[in-house]
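# Structural features, examined
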Amino acid sequence: SQKIEQNSEALNIQEGKTATLTCNYTNYSPAYLQWYRQDPGRGPVFLLLIRENEKEKRKERLKVTFDTTLKQSLFHITASQPADSATYLCALDMMNTGFQKLVFGTGTRLLVSP
Amino acid sequence: SQTIHQWPATLVQPVGSPLSLECTVEGTSNPNLYWYRQAAGRGLQLLFYSVGIGQISSEVPQNLSASRPQDRQFILSSKKLLLSDSGFYLCAWVVGLAGTDTQYFGPGTRLTVL
């Protein structure tokens, strides 16, 4: 079965540093990969989407890479701020029936200290 | 603009009691709707999805059921709750079917079964 792995341990970094989160997957070749942010007690919020033919995608301080050979996506936040503290989820589109079905990783909690 | 509502926000129920969670979407037509559950320390688990009124697909066999009586209303139910039903229930919608379409999540319902 498809498996998505994200670091279960929290990532602690200092303000101003670059945070790098990892998403690894097995047994699937997704056409798209999405990243979401989830704050405690709230629903996830979409951040970025990257296609299989895109190596890198940027949005303001966010950057996502997608290596289909390694079956890995990296999510970077540059010049991190305490407000970036949240759980970040990656999701793969398992759309093999013509209907969008996302499978989510368990998420990595990011803590940015002032 | 589109908004998604869920209620109640929190719920404490005894084992064996019934359940009804409601999700409504405003500002869009014919959305595809999803129910997810997020247990403590685990990722989002897709429970049900619906492409239209009365059309429900189940992802995980369990004692939960879903219904879509109106285009923008999605209901999650159970006749008898189990302890394992505790979790954070999220409703989401997406307009398109493509993998590039992002999902928009509601605020969630925190369910505790005692």
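The structure under discussion appears in the preceding block.
Rules used throughout
- Residues numbered from 1 in each chain as written.
- Chains lettered and ligands numbered in written order.
- Predicted model: local features only at pLDDT ≥ 70, side-chain atom pairs only at ≥ 80, totals over all residues.
- Heavy atoms only, no water.
- Contact = heavy atoms within 4.5 Å.
- Buried area = accessible area lost by both parts, 1.4 Å probe.
- Salt bridge = Lys/Arg side-chain N within 4 Å of Asp/Glu carboxyl O.
- Polar contact = N/O pair within 3.5 Å; in protein donor to acceptor, adjacent residues only side chain to side chain.
- Helix = DSSP H or I, 4+ residues; strand = E, 2+ residues; numbered from the N terminus.
- Buried < 20%, exposed > 50% of the residue type's maximum accessible area, 1.4 Å probe, protein only.
- Pairing = 2+ DSSP bridges.
- Core = buried A, V, L, I, M, F, W, Y, C linked by side-chain atoms within 4.5 Å.
- Disulfide = S-S within 2.5 Å.

Turning our eyes to something else, we now look at the interface of chain A and chain B. Opposite the 22 residues of chain A that make contact, chain B presents 25 residues. Here chain A packs against chain B, burying approximately 1,800 Å² in sum over the two surfaces, 60% of which is carbon and sulfur. Seen at the junction of chain A and chain B, the total is 1 salt bridge. Here lysine 101 of chain A ties to glutamate 59 of chain B by a salt bridge, and the two come within 3.1 Å at their closest N and O atoms. On inspection of chain A and its partner chain B, the count reaches 3 residue pairs in polar contact (both at pLDDT 80 or more). Mapped by element, the contributors of at least two residues to the side of chain A that touches chain B are strand E4 (32-38), strand E5 (45-51), strand E9 (86-93) and strand E10 (102-104) of chain A. For the side of chain A that touches chain B, the element with the highest residue contribution is E4 of chain A, accounting for 4 residues.

Let's shift gears to the pattern of salt bridges. If you walk through the whole model with that rule in mind, you get 9 salt bridges over all chains. Between aspartate 71 of chain B and arginine 68 of chain B there is a salt bridge whose closest N-O contact spans 3.3 Å. Given the relative accessible area of 3%, arginine 68 of chain B is considered buried. Salt bridges sharing partners connect three or more residues here, namely Glu56, Arg58 and Lys63 of chain A.

A separate point is the pairing of strand E11 (residues 109-113) of chain B. Residue and element names in this part refer to chain B. Here E11 shows a buried face lined by Thr109, Leu111 and Val113 and an unburied face lined by Arg110 and Thr112. The pairing of strand E2 (residues 10-13) with E11 spans 4 bridges and is parallel. In the strand pairing of E11, threonine 10 is matched with arginine 110.

The biggest cluster of nonpolar side chains holds 24 residues, and the ones touching the most others in it are Leu33, Trp35, Phe75, Ile77, Tyr88 and Leu110 of chain A. For this core, the elements supplying multiple residues, two or more each, are strand E3 (19-26), E4, E5, strand E7 (62-67), strand E8 (72-77), E9 and strand E11 (108-113) of chain A.

Quick look at the state of the cysteines now. Residues and elements named next belong to chain A. Tallied over the entire structure, the rule returns 2 disulfides over all chains. Note on cysteine connectivity: cysteine 23 is disulfide-linked to cysteine 90, with sulfurs 2.0 Å apart. Torsion about the S-S bond of the cysteine 23 and cysteine 90 cystine: about 65°, corresponding to right-handed handedness. Remark: cysteine 90 occurs in strand E9 and cysteine 23 occurs in strand E3; sequence separation between them is 67 residues. For the pair cysteine 23 and cysteine 90, one class covers both residues: buried.

All names here are of chain B. With respect to the helices and strands, the residue isoleucine 53 is situated in the loop between strand E5 (44-52) and strand E6 (55-58). Each C-alpha atom, one on isoleucine 53 and one on arginine 68, is 5.3 Å from the other, the two residues being 15 residues apart in sequence. Leaving out residues up to four positions away in the same chain, isoleucine 53 has contacts with Arg68, Pro69, Gln70 and Asp71.

Another point: the pairing of E9 of chain A. Residue and element names in this part refer to chain A. Of all 8 residues that make up E9, 7 are buried, and the element is covered over most of its length. Inspection of the sheet shows E4 paired to E9 by 6 bridges, in the antiparallel sense. Among the inter-strand pairings, glutamine 34 is bridged to a residue of E9, identified as alanine 91. Note that E9 and E10 share 3 bridges and pair antiparallel. Among the inter-strand pairings, alanine 91 is bridged to a residue of E10, identified as phenylalanine 104.

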